Amino acid sequence: MASQVLPLELIDKCIGSRIWVVMKSEREFTGTLLGFDDFVNMVLEDVTEYEMTAQGTKKTKLGQTLLNGNNICMLIPGSDGPES
Amino acid sequence: MDDSPPPPPNDAPDTQTPPPPQQTSIHTGSPTDFLKGVVGKKVIVRLNSGVDYRGVLSCLDGYMNIALEQTEEHVEGNVTNRYGDAFIRGNNVLYISAAEAI
């Protein structure tokens, strides 16, 4: 049987590298992934938050951050976000 | 019957045994470790509504229920309220960000 990579194994491989997190709402985060748990709550470092509003995109810089997994929609490993 | 003598005890010198893991505040990066590290530090808590609460994290639990001290409520960058103590129910929390070095 071909070996398969489970989704959370893929995210585990991303620990230490940059990751792009897209939320269910018009909000995105990029940062260096330090860790995560079974709920996909994520600890990120050197974070930039992007809030997409009708007025444009608002950027916020953050330090070490625990992001609640409840509203996470998609994870893009190795990407530095909407501006890359 | 196997009557061979038991293997000799491992009499390697004590310097060979690895030191016990350091149980200090070193965090491995998991959410639990992060939360242990930020208690007592200044934090920014953003709710799903976009409102920020900045203050000293006094305690929290696995639901991300949070008790803050010296809390400032920020709406769109402006301070709108100050509270000595504030409790935030965890389901509203978008993120907890350290506002000082952990």
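Everything below is about the structure shown above.
Everything numeric here is computed off the predicted structure, so don't read it as measured data.

Draft legend 1. Representation of the overall build of chain A within the structure. Helix and strand content of chain A: 1 helix and 6 strands. Tracing chain A from N to C terminus, the helices and strands come up as α-β-β-β-β-β-β. Over its C-alpha atoms chain A spans a radius of gyration of 13 Å, differing by no more than 12% from the 12 Å that the globule rule assigns to 84 residues. Its C-alpha atoms put chain A at 50 × 25 × 25 Å along the principal axes. In chain A, buried positions account for 46% of the 84 residues. Summarising the internal contacts of chain A: among those between residues at least 6 apart in sequence, 44% fall at separations of at least 24.

Draft legend 2. Region of interest: the pairing of strand E3 (residues 42-53) of chain A. All names here are of chain A. Here 8 bridges tie strand E2 (residues 27-36) to E3, and the two strands are oriented antiparallel to one another. Residue Phe36 lies in a different strand from E3, and its bridge partner there is Met42. In textbook terms, the turn of a hairpin is the stretch between consecutive antiparallel strands, and for E2 and E3 this stretch comprises 5 residues, one of which, Val40, has a positive phi near 60°. Sheet topology note: the E3/strand E5 (residues 65-67) ladder contains 3 bridges and is antiparallel. Within E5, the position partnered with Leu44 by the bridge is Thr65. Both E3 and strand E4 (residues 56-62) contribute to a ladder of 7 bridges, which runs antiparallel. Looking across to E4, one finds that Tyr50 is bridged to Lys59. Joining the antiparallel neighbours E3 and E4 is a turn of 2 residues.

Draft legend 3. Representation of the interface of chain B and chain A. At the junction of the two partners, chain B supplies 19 residues and chain A supplies 21 residues. Applying the counting rule to chain B against chain A returns 2 salt bridges. Residues Glu51(A) and Arg46(B) are paired through a salt bridge, measuring 3.1 Å at the closest nitrogen-oxygen approach. At the surface where chain B touches chain A, the tally comes to 10 residue pairs in polar contact (both at pLDDT 80 or more). Put simply, the parts of the chain that give the side of chain B that touches chain A at least two residues each are helix H1 (31-38) and strand E5 (93-98) of chain B.

Draft legend 4. The side chain of Asn41(A), seen in detail. With respect to the secondary-structure elements, Asn41(A) resides in the loop between E2 and E3. Side-chain polar atoms of Asn41(A) contact the side chain of Asp37(A), separated by 3.0 Å. At 2.6 Å, the side chain of Asn41(A) forms a polar contact with the backbone nitrogen of Gly69(A). Excluding anything up to four places from it in sequence, Asn41(A) contacts Gly35(A), Phe36(A), Leu66(A), Leu67(A), Asn68(A), Gly69(A), Pro31(B) and Met64(B).

Draft legend 5. Here's a closer look at the pattern of salt bridges. Tallied over the full model, the rule gives 9 salt bridges over all chains. For Glu72(B), the salt bridge goes to Arg82(B), with nearest N and O atoms at 2.5 Å. Residue Glu72(B) is located in strand E3 (residues 66-75), and its partner Arg82(B) is located in strand E4 (residues 78-88); the two are separated by 10 residues in the primary sequence. Under the relative-accessibility criterion, Arg82(B) is labelled exposed at 56%. Each member of the salt-bridge network shares a partner with another, and the members are Arg27(A), Glu49(A), Glu51(A), Lys58(A), Arg46(B) and Asp52(B).

The rules behind the values
- Residues numbered from 1 in each chain as written.
- Chains lettered and ligands numbered in written order.
- Predicted model: local features only at pLDDT ≥ 70, side-chain atom pairs only at ≥ 80, totals over all residues.
- Heavy atoms only, no water.
- Helix = DSSP H or I, 4+ residues; strand = E, 2+ residues; numbered from the N terminus.
- Rg over C-alpha atoms; globule rule 2.2 N^0.38 Å.
- Buried < 20%, exposed > 50% of the residue type's maximum accessible area, 1.4 Å probe, protein only.
- Contact = heavy atoms within 4.5 Å.
- Pairing = 2+ DSSP bridges.
- Salt bridge = Lys/Arg side-chain N within 4 Å of Asp/Glu carboxyl O.
- Polar contact = N/O pair within 3.5 Å; in protein donor to acceptor, adjacent residues only side chain to side chain.

Don't take any of this as a statement about function, it's just geometry.
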